[in-house]
Structure formats: structure tokens, C-alpha cells
Amino acid sequence: MNNPFKPSKKQLEFLKWEMGAFFHFGIRTFYEGHRDWDGKIMPIEGFNPTKLDCEQWIKTVHDAGFKYAILVCKHHDGFANWPSKYSDYHIGMTPYKDGQGDVVADFVAACRKYDIKVGLYYSPAEAEFKNRDAKEYDDYFIAQISELLGNYGKVDYLWFDGNGSGDHKFDHERIIKAIRDLQDDLLIFSLWDPNTVWVGNEGGAAGINNSCVAPEFKPAVSTDESQNSHAGSKFLPTECDFMMRYRNWFYSEYDVHTVKSLEELVGLYYHSVGCGSNFLVNVGPDRRGLLPEIDARRLVEFGQTIKARFANPIPSELKEMDEEKVVIKLNHEQFVNHVIIEEDMTEGEMVQDFLVYIKSGIIYRPVCVYSGKTIGNKRIITFPPIKATEIILKITKSRGKATIGKPEAFYIR
């Protein structure tokens, strides 16, 4: 019997990606003020990004140190960013490149050029099909997903958005079989046969008790519904998606003043990657088809800050390691205010409670500076600066034998 607590190799790889970029781009980009399910008409001739350059998007996230990117291929409005044979509402019907454009192809090519993992977003729901019969709805869904998975080579990540699908009963077994038959190696976010799940908010924060061992998954069809039931448990890494600008997934010309500060982005890194989850920031390319300059600069600035902040751990040596305790000895007594701990989760997430202590030349008995639950892929622990000679990790509760990497200590001002 398969162990539900044991991750797949692909799930562990996903956690090592750590940072990704989301790109909401499509017909909505060209119609300011539209919102999901508002019913407003967005004529197809409005789509014409005169300077579309997916390489600019992907080079930016590459330079920021991101490992994956996700393109919105079709949102709830139904517009397809590729020339779909199953719809009249697609890029081939627009003035862009006289109907010869294909944003999905350009995006995939750019990702491969810069060694960025390819993620494709698809919303199963759209207004046009709300009143069609169930089989026709599912046929259309499978047909378009088959185009995305059959025409663009290897896809690493398929990202489903369940919003708006609540009144339709999908034949999920048929849909998942079609997907897995086309590309069995990809990761699926959210619906029906998930490898990763939503963290539960769109604010980018996982919380200090975030765990990869989640209650048995139940797909949500709106952001107001719980994604989990309590029928059992399995290994499901979480992902923290959030907007670069306040409350707009797609580009708006009126919210440039809301671009997140460097300080806020760094904080969200601590609250996502630092809590064992993945960081996924959305940027809306503008009507030219380019990332706005301020957003692009901020992403690179953020990535460089994270790299510089954690590039040089305090030199130390491993003094002691067993199932319940890990001790590192610093090269000399010095200030410490960060400790990074990682768990090898090849056999599953084991740690359920742990404590971090420091010891120094004057502090003879170790003093506890942090109490936590899970460690997972990465746990960034912060506390007020204190001089230390040793960092001690004690595991006080676990599901089984835990394997911990050598902790790293930092003094970050």
C-alpha cells in the first residue's frame, strides 16, 4: 500500500523551486475595471499588445532568482491565449499579428530559454458554458486542455482555478485520466488529483504552523469554501499566491502606487518559503505586452536582496546529531538572529514539535529562543539578536525518525 505521508519526487522538487511568478494576461488586460463574472462584454478586437515580449517577463523572473512561472492561458472570461480550435474567442481572432499570435507558445519558449519551469493556468469555468449540458462542458474542457498539453511540449505544472464552477458536476475521473494520459509527469494544483494545494488565502502567508501533511483533499469551487475535509491525511505541499498590486490580478493603469514595497515582499518570503511553502507573486503585464518597469525592477531588487541576505551563513561545524538533537558550534561567539533549518522529507514530513536553543560563553545553560511545530522544506526562524557560540535544535515530537540537515545561523541587520 502506498504511504500517503510520503511525497513523490516531483513534490519534493516543487518545494525546492521555492519562488514562482504568476502572469495574468489576456482580454481583461485591455478592458479596465472588469471583474470576475461581471457579465460585461469585452470585444475580441480590443486585444492587441503591440510590444508583447514574453522573454522580457521570463528574463526578469530569472534575474530575480525565481524557478518557475505560470501563464493564465484561459481565465473565467473564456478568452484563450492560444489559437484554440474549440472556441471563437481566442487570440487567432484578434488583430494581434493579424491573427497569427500565440502567447502560450511564446511563453513556453521563453521559459525553456531561461531554464524556468513551465506552468499553465486554466479556468474550467466560463460564462459561455454555464448553461450547456454536463457532457458538452466536459468535452470542451478536455479538448482545450488537450491542446495545451499536446501542442507545446513538456509542461511542469498545471494550475486549475475552481472559481465559478460550483454548479457544474465535472466528470473528474474522465478529465484526470485525459490529463495524465497526455502528460503523466506534470504537477497539478488544486482540482481532483492534486500534487500541490492552495494555502488558503491570497495574501502570500502560510503561517508558522504550515504543514505538508494536510487533511484529505476536497477541491474547492470558490474562495469561500474549505479545500479540505477530515477524512484522512496525505502529503500536499502548499503554495502562497498573492498580487504584486492591491486587489488587481490583471494590469490596471490606476494602481501603480500600490506596488508592494521591497520590505513587504521580503516579509512575504519569510511567511511563505520561510514557513515551508512556496512563494507565488502575480504581476499583470501591461497593454503593450510588457511587465511594467516598476514591477520588474521591484522583482529583481527583491530577488537580489534575498540572495544577498542568505548567501553567507555564519561559519560553523556540526558538533552533535542524532534523532532528537542537532548542535552546531559557531567559529566564535557572535550575534545571531536567524536560523534556517531544513528537513529531509524523502520519507515524509516527520517533525511535529521542536525547540531552538542558544548557548554562549556567559549563557552556560542553553536558553530557548524559539518553539515551533513543523520544519518541512525550510524553516526560517527569527529572534532578537543574541550572542551565541552554539545553536541547538531539539525535536520533541515526530511521526517517525526525522532527518535534519545542518542548521545555518545568520546575523542579518
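No experiment lies behind these values; they were computed from the predicted model shown.

About the criteria used
Residues numbered from 1 in each chain as written. Predicted model: local features only at pLDDT ≥ 70, side-chain atom pairs only at ≥ 80, totals over all residues. Heavy atoms only, no water. Core = buried A, V, L, I, M, F, W, Y, C linked by side-chain atoms within 4.5 Å. Buried < 20%, exposed > 50% of the residue type's maximum accessible area, 1.4 Å probe, protein only. Helix = DSSP H or I, 4+ residues; strand = E, 2+ residues; numbered from the N terminus. Axes fitted to C-alpha atoms, helices over the stretch in contact; angles between N-to-C directions. Parallel < 35°, antiparallel > 145°, perpendicular 65-115°, else oblique. Contact = heavy atoms within 4.5 Å. Nonpolar A, V, L, I, M, F, W, Y, C, P; charged D, E, K, R; others polar. Salt bridge = Lys/Arg side-chain N within 4 Å of Asp/Glu carboxyl O.

Colleague: Just to check I follow, could you spell out the nonpolar core for this structure?
Modeller: Among soluble globular proteins, nonpolar side chains are generally buried collectively. Core analysis: the biggest nonpolar cluster contains 78 residues, and Trp 57, Ile 58, Phe 107 and Phe 279 have the highest contact counts within it. Ranked by the residues each element gives to this core, the list is headed by helix α4 (residues 134-150), at seven residues. Counting residues in each nonpolar core, the second largest holds 23 residues, with Ile 341, Ile 375, Ile 381 and Ile 404 among its members.

Colleague: When you look at unusual backbone geometry in this model, what are you seeing that I'm missing?
Modeller: The general pattern is negative phi for most residues beyond glycine and trans for most peptide bonds. For Glu 18, which is not a glycine, the phi torsion comes out positive at approximately 65 degrees. For Glu 18, the location among the structural elements is in the loop between α1 (9-17) and β1 (19-23). Its identity as a non-glycine residue notwithstanding, Lys 97 has a phi of 50 degrees, on the positive side. Relative accessible area serves as the criterion here: at 48%, Lys 97 is assigned to the partly exposed category.

Colleague: How should the packing of helix α2 (residues 54-63) against helix α7 (residues 293-309) be read in this particular structure?
Modeller: One way to put it is that α2 packs onto α7 with a least axis distance of 8 Å and a crossing angle of 25 degrees. Here α2 is positioned roughly parallel relative to α7, judged by the angle of their axes. For the pair α2 and α7, contact is made by Thr 60, Val 61 and Asp 63 and by Ala 296, Leu 299 and Val 300, respectively. Of the residues contributing to the contact of α2 with α7, the split by class is four nonpolar, one polar and one charged.

Colleague: I'm lost on the pattern of salt bridges in this one. Help?
Modeller: For side chains of opposite charge, pairing can occur when their charged atoms come near one another. Evaluation of the coordinates by the stated rule reveals 26 salt bridges. A salt bridge links Lys 59 to Asp 63; the nearest nitrogen and oxygen atoms lie 2.7 Å apart. Taken together, the residues Lys 59 and Asp 63, both in helix α2 and four residues apart, mark about one turn of the helix. The exposure class assigned to Lys 59 is partly exposed, which follows from its relative accessible area of 39%. By relative accessible area, which is 36% here, Asp 63 ends up partly exposed. A salt bridge links Glu 293 to Arg 288, with the shortest nitrogen-to-oxygen separation between them at 3.4 Å. Given a relative accessible area of 25%, Arg 288 falls into the partly exposed group. Residues participating in the shared-partner salt-bridge network are Lys 10, Glu 13, Lys 154, Asp 156 and Asp 185.

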